[in-house]
Structure formats: C-alpha cells, structure tokens
Amino acid sequence: MALISLQEVSIGFGGHPLLEGVSFQIERGERVGLLGRNGMGKSTLLKMLNDDFMPHDGVIARQQNVRTAYLPQEVPQDLTGRVQDIIASGLIDSDFADDEHHWKRDNQVQKTISLMELDGDARFETLSAGMKRRIILARGLVCNPDLLLLDEPTNHLDIQAIDWLEDFLKRWGGTLLFVTHDRVFLQKLTTRIIELDRGKVYDWACDYPTFLERKEAMLESEQISNALFDKKLAQEEQWIRKGIEARRTRNEGRVLALKKLRQQRSERRELLGKVKMQIGTEKRSGRLVIETENISYAYAEKTIIRNFTTTIQRGDKIGIVGANGSGKTTLLKLLMGQLQPQTGEVRHGTNLEIVYFDQLRTQLDESKSVLDNVGQGRDTVTINGRTRNLMGYLEDFLFTRDRVRAPITALSGGERNRLLLARLFAMPANLLILDEPTNDLDIETLEILEDLLLDYEGTLLLVSHDRAFLNNIVTSTLILDGSGDVKEFIGGYEDWQKQLDASPASRPTPKPVQSAQAESKPEVKSRKLSYNEKRELEELPKRIEALEEEQRQLTLKMEAPSFYQQEGAIITQAVERLEQIHKELAQTYERWGELDG
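A short tour of the structure in this document, coming up. Please read all numbers here as calculations on a predicted model, not as lab measurements.

A few points about the overall build of the protein
Thinking step 1. A tally of helices and strands in the protein yields 18 helices and 20 strands.
Thinking step 2. Classification of the 597 residues of the protein by burial places 47% in the buried group.
Thinking step 3. Taking contacts inside the protein between residues at least 6 apart in sequence as the whole, the part at least 24 apart equals 68%.
Thinking step 4. Of the roughly 31,100 Å² of accessible surface on the protein, 48% is carried by carbon and sulfur atoms.

Some thoughts on the pattern of salt bridges
Thinking step 1. Summed over all chains, the structure comprises 29 salt bridges.
Thinking step 2. A salt bridge links D146 to R28, with the shortest nitrogen-to-oxygen separation between them at 3.4 Å. Taken as a pair, D146 in the loop between α4 (129–141) and β6 (147–151) and R28 in the loop between β2 (19–26) and β3 (31–35) lie far apart in primary sequence, 118 residues in all.
Thinking step 3. Classification of R28 as exposed rests on a relative accessible area of 51%.
Thinking step 4. A salt bridge links R183 to E450, with the shortest nitrogen-to-oxygen separation between them at 2.7 Å. Of this pair, R183 sits in helix α6 (residues 183–189) while E450 is found in helix α13 (residues 443–455), placing the two residues 267 residues apart along the sequence. Neither R183 nor E450 differs from the other in exposure class; each is buried.
Thinking step 5. Because the salt bridges share partners, they merge into one network encompassing D163, E166, D182, K188 and R467.

A closer look at the sheet that holds strand β10 (residues 288–299)
Thinking step 1. Strand order in the open sheet made by the three strands is β11-β10-β13, with antiparallel pairing throughout. Looking at the sheet topology across the chains shown, the edges are occupied by β11 (302–313) and β13 (343–348). Across the sheet, the axes of successive neighbouring strands diverge by a mean angle of 15°, strand direction being ignored.
Thinking step 2. Relative to β11, β10 is paired through eight bridges, and the arrangement is antiparallel. Paired with T292 across the strands is T310, a residue of β11.
Thinking step 3. Docked against the sheet, helix α9 (residues 328–336) engages β10, β11 and β13, running at close to 130° with respect to β10.

What about the environment of D451?
Thinking step 1. Its location among the elements puts D451 in helix α13.
Thinking step 2. According to the relative accessible area criterion, D451 is partly exposed, its value standing at 44%.
Thinking step 3. Each C-alpha atom of the pair D451 and N472 lies 9.0 Å from the other, and the pair is 21 residues apart in sequence.

Concerning the sheet that holds strand β4 (residues 57–62)
Thinking step 1. Reading across from one edge, β2-β1-β4 is the order of the three strands in this open sheet, with antiparallel pairing throughout. Unpaired on one side and paired on the other, β2 and β4 mark the two borders of the sheet. Taken pair by pair, the neighbouring strands of this sheet meet at an average axis angle of 15°, ignoring direction.
Thinking step 2. As paired strands, strand β1 (residues 4–11) and β2 are joined by five bridges and run antiparallel to one another. Within the sheet, the bridge partner assigned to S5 lies in β2 and is Q25.
Thinking step 3. Along the sheet face, helix α1 (residues 42–49) touches β1, β2 and β4 and points at about 130° away from the line of β1.

With respect to helix α5 (residues 159–172)
What sets the pattern is the α-helix's 3.6 residues per turn: residues three or four places apart point alike.
Thinking step 1. In a regular helix each residue adds 1.5 Å, so 14 residues correspond to 20 Å; α5 covers 20 Å between its end C-alpha atoms and thus fits that length.
Thinking step 2. All of the buried residues along α5 are I159, A161, I162, W164, L165, E166, F168 and L169.
Thinking step 3. Two or three places before Q160, at the opening of α5, D158 has a side-chain oxygen 3.2 Å from that residue's backbone nitrogen.
Thinking step 4. The positive-phi residue at the C-terminal boundary of α5 is G173, with phi of around 80°.

Thoughts on the packing of aromatic side chains
Thinking step 1. The tally for this structure, following the rule as stated, stands at eight aromatic pairs.
Thinking step 2. Ring geometry for F489 versus W496: centroids 6.1 Å apart, planes at 55°, classification tilted.
Thinking step 3. On the accessibility criterion, F489 (16% relative accessible area) is buried.
Thinking step 4. Here the basic side chain of R134 rests over the ring of W164, its NZ or CZ set 3.8 Å away from the ring centre.
Thinking step 5. When the ring centre of Y202 is taken as reference, the NZ or CZ atom of K215 above it lies at 5.9 Å.

The rules behind each value
- Along every chain, residues carry numbers that run from 1 in the direction the sequence is written.
- The model is predicted, so local features are restricted to residues of pLDDT at least 70 and side-chain atom pairs to those at 80 or more, both for listing and for counting; the totals for chains, interfaces and linings are taken over all residues.
- Excluding hydrogens and water, the side-chain figures rest on all heavy atoms present in the structure.
- The helix count covers DSSP runs of H or I at least four residues long, the strand count covers runs of E at least two residues long, and both are numbered beginning at the N terminus.
- Partly exposed describes any residue whose relative accessible area lies between the buried limit of under 20% and the exposed limit of over 50%, with all areas from a 1.4 Å probe on protein chains only and scaled to the type maximum.
- We call two residues contacting when some pair of their heavy atoms lies within 4.5 Å.
- Computed with a 1.4 Å probe, the accessible areas rest on the Shrake-Rupley method; for each residue, only the protein chains presented here act as cover.
- Take a side-chain nitrogen of Lys or Arg and a carboxyl oxygen of Asp or Glu: if they are within 4 Å of each other, that pair is a salt bridge.
- Paired strands, in this sense, are two strands between which DSSP finds at least two bridges.
- Lines fitted to C-alpha atoms define the axes here, with helix axes fitted over just the stretch in contact, and angles between the N-to-C directions of these axes take values from 0 to 180 degrees.
- Expected helix span is taken as 1.5 Å per residue step, with the number of steps being one fewer than the number of residues.
- Within 3.5 Å is the distance limit for a polar contact, defined as a pair of N or O atoms, with the added protein rule that one can donate a hydrogen and the other accept it, and that residues adjacent in sequence qualify only through two side-chain atoms.
- Side-chain rings of Phe, Tyr and Trp, where Trp is taken by its six-membered ring, are said to pair if the distance between their centres is within 6.5 Å; with planes under 30 degrees apart they count as stacked, over 60 as edge-to-face, and otherwise as tilted.
- The criterion is that NZ of a Lys, or CZ of an Arg, lies within 6 Å of the ring centre and within 35 degrees of the ring normal, and then a charge sits over that ring.

Following this line, the structure appears as structure tokens:
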C-alpha cells in the first residue's frame, strides 16, 4: 500500500484552480522531485501532504500512523534557543513526548544531533543560514518520519552545505518529496519526477535528465495537437458564418459539435508565457575593466581578503564561489569600489556602467508597488535605444496588469527576484554584478536568465551556489577558502573540481602506453557470419519496418486533439514508448551495420 495517495484532489484560491482533480501516490523508499513554474501550487501541495490544511475537493488517503516532516522554504525568523531544545521540539507529538519516556526522548535527540554533526549547546540565533536549515531538518528527522517534505532545501546554502545535504539524504534512505530549482541536486537524488502544470499532475517515472527529453517530446506533441484543434475550430467557424446552410435540420449535429469545440477551447489552459529579458548595453567599457594589486581586507582580527591580485577584462564572465561567510560579498564591494581595501589598490577602467544585484534585494522599496519600483516615476523604460511602455515591459517579466499595482510585500520570493531583475535590466550596464540571482526562481526562468547571460556582451561577476548555472555561464572561477586566500581557476565549478581531482595527490595511475609496433598492427579482417547471425541479419529489415510503423501510428495518436484529455499515466506511457522506439531503432540500425559491414 502507498504511504500517501491523492484521489481527485482540487484546491484553489480564486482564478484557475492550483490543483484540479489530481491523483497520484507516493510509495515507500522513493525520492520524488516536485517541479513546476512559480505559482503552480508546489508549496500548497507539500502543506496538504503534511496535513496543514485540507483540499477543497477529493481525498488524501494515508497509511495508518504515517508520519510526515516538513521543511519550509524560509527559516522562522523568531526561532531562538539551544540547538538541542529546538530539535527536541520535533518530538512534541511523538509516542514518547511525555515525562514517562523522557530518557527515550533524550536518547533520540542525541542520536539525531550526532547523525547531523551538530553542536547541541550552540545558540540557534548565532548560526549561519546553512546551519539553521540543517537544524530545522534535524527537528523534522528526530521523529523518524515516514515521509520527508522539503521545500527548496538548497536555498541560501553554500556549495559545501549542498554537497553535505545530498550525501546525507542518499544515506538516510527514507521516502522523500522535495521542491528545488537546483538541477544538479535533482540529477543526483531523484528516482521519479512529479510535475505540476496548469492544475494537472504529470507523473514521470524516471530521473531528471530523462524527464527533460520526455517533457520536450510531450510539449511538441501538445503544440501539434493544439494547432490541429484550432485549425478544425476555425474551419467550423467559417462554415457556420455561411448562415443559412447551418440552420438546416440535417446540420444541427454539426452546430452542436461546433458548440462543443468552442467549450473545449475555452477550457484549455495555455502554457504560461516565458519571461522575456534583455539587458541594456548602450556603450562599451574600455578593454580593462578592473585591476587589483595585492588588496587585503579584514574585519577586526578576521582576514577576509589577503593580497589578492587579478585583472578583469571586457567580456570576462567570472564566477565567485565560497562557503557562507567566506567574504564573497565583501570581495564584490571591493571590486565595485563600495569598500576601500585596507592595503593594495583597485583600479577601474573607462566608461564603466555598473549594475549590482543584491542577494538581500535591499534595492526594492517595500512601501512601493511593482510599477513604482521599476518605473521610479516614469511611464516608459529605454533599453538599447528603444523606448518601451512600462506596463508592457513588466508583462515580459510575467507581471499581470492587476499585479503591477500590488505592494511588493504581497510578492513571493520568485516574484521579488524577477522584479529586481526587471528593475536592474532597465538600466544600461556594461559591468553586471549578480550576487545570488537564482534563489527562488523556477527552473524555466533560471534557464532563460542563463541564456541571456551567455549572450551578454558586457562583463559579468557572478556569485552563485547553483553548480549547473556556474558550469553553463562562467569562463573562470574565483575560489574563496575562508582564510583570506582567493584562487583563480579556468572554467566553471565542475572544471574546478576536475582540476582538484587531477592534482598529483589524487591523480590516477596512467595506463601503460602501447608500443608503436602494437599501434601499427594491421586491422583484422572481418570474420564470417555464423548461421544465427545470418538469420538475424535477414530479420533486421522487418524489425526496422515494424518499429517505424509503430512510431508513425503512435505519433498520429499523440497528435489527436483528444489525446491530452486522457489520464496522465496513459500520456506518460505513450511518451515513454515513443522514446523507447527511438532507442530501439538506433540500436537496430547499429546492429545491422555491424552484421552487414
């Protein structure tokens, strides 16, 4: 029996339902990634599974005595006290919460503290954001939950903490359902993907890379299906406008069919538009952007930056990586000129136009609306010499016309990030400095930002803990080790890891080199086919023909307007079979080449 099963569950808070008749179940031992655009209801679903509130319709069935633990996106701001006491509070509703079983409770708390590598006597309010999230996780795990629910668990964690969390969750071995925008985290942990899209659930029994392939195939098929449906609707609308023929009794069925088509079209929820971004770069900087010579900076007796020398030139895309508290933001401020080094010198090149994305989003005015934060009293923005209406510009960042006048206190974390990007990208910039721009962004928006930065012709300084984001964008990486030293590596995060692995201490023993005589051996002549191989070769063309016919029939089936009105499991099965046919065809053609060569 499944741990938790959802049956025709619906919930909404005005407008389109967040969930509309969704059904799926979670089995023991699965690690499920929950995906979807911002605002699709991922956090709402997690809270329902945690029994924080009930759905408006449908049933959530649970195994008897099933326990869940929920880690929210944000660490509670008012939480204080000893780490040990905070973890113990996770046992309030457990079987040994009373005084009679206090020794069991204390033993369980100490066991969890040891497992999570924590200091039970430390004060929670004095710890870093990463350690606070680890303690909140420990508070959830102390009751030995059957299902752990994590909402953006990597937010505000440094790479070292993310690596630790990945390793811990793999070793933990329990059932896991988590929301994240970290693509590497998804690749390493998921055994299954559940996607929320326009009120529906799509269940993908695969890892994240396979999901991306299948999702692309499904969207292409949906696009074709919608186009065929719209073409048919347009033809029927043209027919009925002829008037008199449509009123004849013998055509009444066709009129009713047209009404049904109209109803189906009105109920269709279109794929949400994508964020459209562009950066104003009205004039180029000089070739030299920033040059530092032996700069150092310290707070009290703690050295943050020690004797750092570098040259940044126009067009460089530089990633900055380090543990929380290692001095990444301090380094940015030294490079920008907001802080002066205590020793050494920072020189700026000519014509610099700097735009800075602050990870705390302090540039946003909480007392103003979305419109006023970007427009700052103007009705238009000018980007690359083109003047645009402010409302239209904000629509590019997915802010609807009724949303732009809302105070920003009503915005989600993802919306606030989009708003700050909209504000900054409306300013001309040839030096773009981004401090953790990916927090709270959904994967699709993150990938659009990624593409924009790849095409950006100015200079980029990027602080990020998103390993895939760094790998895909930066040309070199500055590593802060926390002792004050800053080291530079060519490439992204993965390139840095490979260089570390290739150091003399960890370099694998090379394989012996073949002799020149061995390399110049003549090729062995192709052998004769056995009887069975000859039979196999004769059958391969028939096999290829059968697979290609199945491929054609399945593609036609997926193009039909009614295909996506079926259950999600049937759609997933068809998409998976189409992908399997592609692989079988490739393997069959390869085998044919081997035998026929």
